[in-house]
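Understanding the architecture of this molecule
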Amino acid sequence: GNISLTSGGPMSLGNSANLDTQVSGDAGSGANVFLQSDSGITGGTLAARAFLDGSTLSSGATVTVKAANDVSLADLSGQGSGLDLSVALANGSHSGTGGNISVTIGGNLSADSITARIRGLGAITTGGNIDFNITGDLASARGDASFVIDGPQISGNGPHAVGNPASILVRAANITLGD
């Protein structure tokens, strides 16, 4: 299935928001998470995860976060806060096109920690990219920021491969990790 959460104005997530989708078996497309605010996003932790388990998709397994203004994920519960985005493939899953994590923020992005990870035992023919495009500043108060593409074979055409070439692009006006 797909998850789409959109707001024409500010989006407030509370202590945490978990947007998780999973596809098991074969489907034409799916396992996409799309979150968009035409203003900003505030809250504690935002987790968005796409998981394929023994699946074959022509397209899908993509996580997209868009905000026109600032995204601020502050500790509201004493448990820390952060942005946790992932695409995971297991048990020989395959996505023809997709397997991407895309974040586009028209202002600043601030959180205790920031994680974007594409991982697993499966294949992505075209895709497998992490792209952060922040118009303003990217800041992690704890200094935790991780952008990772991992698997048995990072690029190639094998049964456990991420598209060739897979890329990680992080763009921001300024990047601050730690106080």
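Look above for the structure.
Residues numbered from 1 in each chain as written. Predicted model: local features only at pLDDT ≥ 70, side-chain atom pairs only at ≥ 80, totals over all residues. Heavy atoms only, no water.

1. A look at the overall build of the protein chain
Basically, it comes down to this: Runs of E in the DSSP output that reach at least two residues are strands. Runs of H or I that reach at least four are helices, and both are numbered from the N terminus. Accessible area is worked out with a 1.4 Å probe on protein chains only. A residue is then buried under 20% of its type maximum, exposed over 50%, and partly exposed in between. What makes two residues a contact is simply this: any of their non-hydrogen atoms within 4.5 Å. In this description, accessible areas are obtained by the Shrake-Rupley approach with a 1.4 Å probe, and a residue is regarded as covered only by the protein chains that are shown.
When its secondary structure is counted, the protein chain shows zero helices and 16 strands. Counting over 179 residues, the protein chain shows a buried share of 42%. If you take every contact in the protein chain between residues at least 6 apart in sequence, the share linking residues at least 24 apart comes to 82%. Surface accessibility of the protein chain: about 7600 Å² in total, with carbon and sulfur atoms responsible for 47%.

2. A closer look at unusual backbone geometry
Positive phi, close to 60 degrees, is recorded for Ala 61, a residue that is not glycine. Considering the arrangement of structural elements, one finds Ala 61 in the loop between strand E7 (45–60) and strand E8 (63–67). Residue Asn 91 is not a glycine yet carries a positive backbone phi of 55 degrees. By relative accessible area, Asn 91 is classed as exposed at 59%.

3. Topic: the sheet that holds strand E13 (residues 130–134)
Test applied: Between any two strands, at least two bridges found by DSSP are needed for them to pair. The axes are straight lines fitted to the C-alpha atoms, using for helices just the contacting stretch, and the angles between their N-to-C directions are given from 0 to 180°.
The six strands lie next to each other as E1-E5-E8-E11-E13-E15, forming an open sheet whose pairing is parallel. Strands at the two margins of the open sheet, each flanked by one partner only, are strand E1 (3–7) and strand E15 (168–171). Direction aside, the axes of adjacent strands within the sheet are offset by 5 degrees on average. Summarising the sheet, strand E5 (residues 33–37) and E8 pair through five bridges and their orientation is parallel. Note that in E8 the partner of Gln 36 across the bridge is Lys 66.

4. A few points about the pattern of salt bridges
The cut-off we apply is this: Salt bridges, as used here, are contacts in which a Lys or Arg side-chain nitrogen is within 4 Å of a carboxyl oxygen on Asp or Glu.
In the structure shown here, the tally under the stated rule is five salt bridges. The shortest N-O distance in the salt bridge between Asp 131 and Arg 171 comes to 2.7 Å. Residue Asp 131 is found in strand E13, and its partner Arg 171 is found in strand E15; the two are separated by 40 residues along the sequence. Note on Asp 131: relative accessible area 25%, which makes it partly exposed. With its nearest N and O atoms 3.0 Å apart, the salt bridge here joins Asp 144 to Arg 142. Exposure remark for Asp 144: the relative accessible area of 35% places this residue in the partly exposed category. For Arg 142, a relative accessible area of 46% translates into the label partly exposed.

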